[in-house]
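# Working through the structure, step by step
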Amino acid sequence: QQQVKQSPQSLIVQKGGISIINCAYENTAFDYFPWYQQFPGKGPALLIAIRPDVSEKKEGRFTISFNKSAKQFSLHIMDSQPGDSATYFCAASIFSGGYNKLIFGAGTRLAVHP
Amino acid sequence: SQTIHQWPATLVQPVGSPLSLECTVEGTSNPNLYWYRQAAGRGLQLLFYSVGIGQISSEVPQNLSASRPQDRQFILSSKKLLLSDSGFYLCAWSVRGRDRDSPLHFGNGTRLTVT
């Protein structure tokens with residue numbers, strides 16, 4: 001019940017195309033859903049995040065869509081660029097043991113071809 | 001601004017040898033601190049977290065231990081490394097307290113290879 005399932009495992013998109021990564025969860029106690037972007041040899045960095053009382057959040061070319069009833073959320077990257085090539089992790093957060101516990105998906109390796 | 005330092009960046013150690021990875025945070029006080037391990041294709045697994053000096057909680061029983069001797073210092077250790085300890089180890093921090101929007105800030109990790 002603490003898992004976050006992420007798909008696809010890898011994704012190839014042409015420059016200018018739309019990249020879509022999906023995540024699903026079971027635990028309805030999760031109350032914060034961030035996405036992290038990781039470049040090779042670096043630590044993950046927060047990209048964008050959403051709360052469950054919002055159905056969509058957009059920041060530049062990045063959009064999170066959130067479906068509370070289906071317990072699913074997704075990341076859309078519009079006009080994908082080669083510089084977006086990285087591994088993307090979705091996560092879900094629950095407050096437990098005095099801190100916000102993040103459960104991560106397994107990651108999606110995105111390659112944007114020029 | 002806040003920064004997080006991890007070292008070393010890469011490490012090759014023989015089986016049975018000890019391990020000490022260090023992480024320090026600058027520019028903030030009383031952070032929550034975390035150690036994660038990242039295995040290929042398996043996402044990030046939380047190993048330890050700390051909400052204060054000397055307060056360590058373990059998420060996964062294993063061959064590793066953690067310590068927090070100072071407010072902004074977090075150390076990951078092992079007395080005897082196993083082959084299965086190989087991986088990418090990430091230290092992270094977040095603002096302490098009940099702030100559901102408080103993100104994790106990761107260091108650049110240590111690539112550990114146990115031979």
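Our structure is the block above this text.
Here is a short report on the structure shown in this document. (Residues numbered from 1 in each chain as written. Chains lettered and ligands numbered in written order. Predicted model: local features only at pLDDT ≥ 70, side-chain atom pairs only at ≥ 80, totals over all residues. Heavy atoms only, no water.)

To continue, consider the overall build of chain A. Within chain A one finds zero helices and eleven strands. Listed by position from the N terminus, the elements making up chain A come as β-β-β-β-β-β-β-β-β-β-β. For chain A, the spread of C-alpha atoms along the three principal axes comes to 45 × 30 × 20 Å. When each of the 114 residues of chain A is scored for burial, the buried share is 49%. (Helix = DSSP H or I, 4+ residues; strand = E, 2+ residues; numbered from the N terminus. Buried < 20%, exposed > 50% of the residue type's maximum accessible area, 1.4 Å probe, protein only.)

Pro8(A) follows Ser7(A) through a cis peptide bond whose omega is -5°. Mapped onto the secondary structure, Pro8(A) falls in the loop between β1 (4-7) and β2 (10-14). Phi is positive for Asp79(A), which is not a glycine, with a value near 45°. Mapped onto the elements of the fold, Asp79(A) is located in the loop between β8 (72-77) and β9 (86-96). For Asn30(B), which is not a glycine, the phi torsion comes out positive at approximately 55°. A residue is classified by how much of its surface remains accessible, and Asn30(B), at 42% relative accessible area, is partly exposed.

Moving on, we come to the environment of Trp35(B). Residues and elements named next belong to chain B. Tracing the chain through its elements places Trp-35 in strand β4 (residues 32-38). Overall, Trp-35 belongs to the buried group, its relative accessible area being 0%. For the pair formed by Trp-35 and Pro-103, sequence separation is 68 residues and the distance between their alpha carbons is 15 Å.

All right, on to the interface of chain A and chain B then. The interface of chain A with chain B comprises 23 residues on the first partner and 25 residues on the second. Carbon and sulfur atoms supply 51% of the area that chain A and chain B bury against each other, a total of about 2000 Å² over both sides. The largest share of the area that chain A buries against chain B comes from Tyr99(A), Asn100(A) and Phe104(A), three residues that together contribute 26% of it. A salt bridge links Glu59(B) to Lys101(A); the nearest nitrogen and oxygen atoms lie 2.8 Å apart. Those elements giving two or more residues to the side of chain A that touches chain B turn out to be β4 (33-38), β9 and β10 (99-104) of chain A. A per-element tally of the side of chain A that touches chain B places β10(A) first, with five residues. Of the residues that constitute the side of chain A that touches chain B, the class distribution is ten nonpolar, eight polar and five charged. (Contact = heavy atoms within 4.5 Å. Buried area = accessible area lost by both parts, 1.4 Å probe. Salt bridge = Lys/Arg side-chain N within 4 Å of Asp/Glu carboxyl O. Nonpolar A, V, L, I, M, F, W, Y, C, P; charged D, E, K, R; others polar.)

Let us now look at the packing of aromatic side chains. The description of an aromatic ring pair uses the distance of the two centres, along with the angle that the planes make with each other. The final tally for this structure, using the stated rule, is 16 aromatic pairs over all chains. Between Phe104(A) and Tyr36(B), the ring centres sit 5.6 Å apart and the planes meet at 90°, which makes this aromatic pair edge-to-face. Highlighted residues: Phe104(A) in strand β10 and Tyr36(B) in strand β4, drawn from two different chains. Like Tyr36(B), Phe104(A) is buried. (Phe/Tyr/Trp six-rings, centres within 6.5 Å; stacked < 30°, edge-to-face > 60°.)

In total, this model carries two disulfides over all chains according to the counting rule given. A sulfur-sulfur separation of 1.9 Å characterises the disulfide bridge that pairs Cys23(A) with Cys90(A). Judged by the torsion about the S-S bond (-100°), the Cys23(A)/Cys90(A) disulfide is left-handed. Of this pair, Cys23(A) sits in strand β3 (residues 19-25) while Cys90(A) sits in strand β9, placing them 67 residues apart in sequence. A relative accessible area of 3% means that Cys23(A) is categorised as buried. Paired by a disulfide, Cys23(B) and Cys91(B) hold their sulfur atoms 2.0 Å apart. Its S-S torsion of approximately -75° makes the covalent link between Cys23(B) and Cys91(B) left-handed. (Disulfide = S-S within 2.5 Å.)

Think of a sheet as strands paired side by side through backbone hydrogen bonds, with each pair either parallel or antiparallel. Residue and element names in this part refer to chain A. The five strands lie next to each other as β1-β3-β8-β7-β6, forming an open sheet whose pairing is antiparallel. Among the strands making up the open sheet, the edge pair consists of β1 and β6 (56-59). Shown here is a sheet whose adjacent strand axes are inclined to one another by a mean of 15°, direction ignored. In this structure, β1 lies alongside β3, joined through four bridges in antiparallel fashion. The residue bridging Val-4 from the neighbouring strand is Tyr-25, located in β3. (Pairing = 2+ DSSP bridges. Axes fitted to C-alpha atoms, helices over the stretch in contact; angles between N-to-C directions.)

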